[in-house]
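# Working through the structure, step by step
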Amino acid sequence: MSKDKNPSDVRFGAALMRLRKKRGRTQAWLADQLRCSDGHIGNVENGQCPLHAARVDKADEVLEAGGVLARQYAELYQPETIDWLDEFHLLQKSAQVIREYQPVLFPAPLQTPGYARAVIKSSAPWFTAKTVDERVALRESQGQSVLEGEAPHYHIVLDYAVVIRPVAAPKVMSDQFANVVKLMESARIMLQVFDWDALPQLGLGGPFSLLSSMNAPDVLYAESLYLGQTTDDPGRVRQYGMLFSELQARARSPGATVDLLRKKAEEFR
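Let me sum up the structure you'll find in this document. Because the structure is predicted, anything quoted here is derived from the model rather than measured. (Residues numbered from 1 in each chain as written. Predicted model: local features only at pLDDT ≥ 70, side-chain atom pairs only at ≥ 80, totals over all residues. Heavy atoms only, no water.)

### So, the overall build of the chain
The helix and strand tally for the chain stands at 12 helices and six strands. Seen through its principal axes, the chain has C-alpha atoms that stretch 65 × 45 × 35 Å. Here the chain holds 269 residues, and 45% of them are scored as buried. When the accessible surface of the chain is split by element, carbon and sulfur atoms take 52% of a total near 13,900 Å². Taken as two groups, the 32 positive and 33 negative side-chain charges of the chain have centres that lie 1 Å from each other. (Helix = DSSP H or I, 4+ residues; strand = E, 2+ residues; numbered from the N terminus. Buried < 20%, exposed > 50% of the residue type's maximum accessible area, 1.4 Å probe, protein only. Areas by Shrake-Rupley, 256 points an atom, 1.4 Å probe, with all protein chains shown as cover. Lys, Arg positive; Asp, Glu negative; His and termini not counted. Charge placed at Lys NZ, Arg CZ, Asp CG, Glu CD.)

See the structure below:
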């Protein structure tokens, strides 16, 4: 890459070119759709200049990108405007396959309102009651939007700590376990638990998700308390894919996990 090129321009241009070629379209066709010259599209794809913000949504629409281009543009050029939880939800909605590892809590789309309320209140005790209510309602709505259809296929590995940590009252925990069992029995999700005493203890680096879609490269999303970091770097995505495969291979089977969660639901009840 030329030292004169902006890295954001290079990454966005490469994403635009991949989507255009995947759709079997020429630069001239895309230029006609966006009402600009094909030379300009060539410069954008080569990382020589950015695509104007006013054309991003149209490019996303005509290339049937499902919001991928708009999300990546905002991430690269307007990072201060992105709330990482909102960004992650957009990634989830556009994915065909989600592979997620969680060492502390049930994933947000799987959380019951009672469990979500306990998590939000304990994570941000400075929130007002109104803010907590709003966050709980938003989390419930986002969870439904991810799980309402047949996709994405959702594969999850939980650390055993998630199962034994009572983050809420017994009734809330019992309902949470029962809800996850219901989702597993309906084949909507596949979930496994990584045992407490399993060696080596994998996943100590924290929670992460791998999201695969038809219109874009696989994305790695690693989260911390205040920040989510996204990358589509093939090497890093491949490394975390290997980690997730090993977590799955060493975890309890889905059937054994259902039995464990049923037992925990009864214990908390």
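Having seen the structure, we can now continue with the description.
### Thoughts on helix 2 (residues 27-34)
When helix 2 is considered as a whole, its buried residues turn out to be Leu30, Ala31 and Leu34. In an axial view of helix 2, the angular spread of the buried residues amounts to 100 degrees, which keeps them on one side of the axis. Close packing links the buried residues of helix 2 with helix 1 (7-22), helix 3 (38-45) and helix 4 (53-62). Immediately downstream of helix 2, the backbone of Arg35 shows phi near 60 degrees, a positive value. (Arc of directions from axis to C-beta. Contact = heavy atoms within 4.5 Å.)

### Let's talk about the side chain of Glu45
Structurally, Glu45 can be placed in helix 3. For Glu45, the side chain forms a polar contact with the side chain of Arg20, separated by 2.6 Å. A distance of 2.8 Å separates polar atoms of two side chains, one belonging to Glu45 and the other to Gln27. In this structure Glu45 touches Gly13, Ala14, Leu16, Met17, Arg20 and Gln27, once residues within four positions along its chain are discounted. (Polar contact = N/O pair within 3.5 Å; in protein donor to acceptor, adjacent residues only side chain to side chain.)

### So, the pairing of strand 1 (residues 97-102)
When you tally the buried positions in strand 1, you get five out of six residues, the bulk of the element. Bridge analysis of strand 1 against strand 2 (residues 153-159) gives six bridges, and the strand direction is parallel. Residue pairing across strands places Tyr101 opposite Val157, the latter belonging to strand 2. Relative to strand 4 (residues 208-212), strand 1 is paired through five bridges, and the arrangement is antiparallel. Note on strand 4: the bridge partner recorded for Ile98 is Leu211. (Pairing = 2+ DSSP bridges.)

### Here we look at unusual backbone geometry
Backbone phi values are negative for most residues with the exception of glycine, while trans is the configuration of most peptide bonds. The step from Ala151 to Pro152 runs through a cis peptide bond, and the omega angle for that step is 5 degrees. Take Pro152: it is sitting in the loop between helix 8 (129-147) and strand 2. Across the junction of Leu199 and Pro200, the peptide omega takes the value 0 degrees, indicating a cis bond. Tracing the backbone through its elements, the reader meets Pro200 in the loop between strand 3 (189-194) and strand 4. You will see that Glu64, though not glycine, has its phi angle at about 55 degrees, which is positive. Along the chain, the position of Glu64 falls in the loop between helix 4 and helix 5 (68-77). The backbone phi angle of Ala187 is positive, close to 70 degrees, even though this residue is not glycine.

### Quick notes on the packing of helix 4 against helix 5
As a packed pair, helix 4 and helix 5 sit with axes 7 Å apart at the nearest point and diverge in direction by 150 degrees. The angle between the axes of helix 4 and helix 5 places the two elements in the roughly antiparallel class. Two secondary-structure elements touch here, helix 4 through Ala53, Val56, Asp57, Ala59 and Asp60 and helix 5 through Val68, Leu69, Ala70 and Tyr73. A breakdown of the residues in the contact of helix 4 with helix 5 according to their chemical character gives seven nonpolar, no polar and two charged. (Axes fitted to C-alpha atoms, helices over the stretch in contact; angles between N-to-C directions. Parallel < 35°, antiparallel > 145°, perpendicular 65-115°, else oblique. Nonpolar A, V, L, I, M, F, W, Y, C, P; charged D, E, K, R; others polar.)

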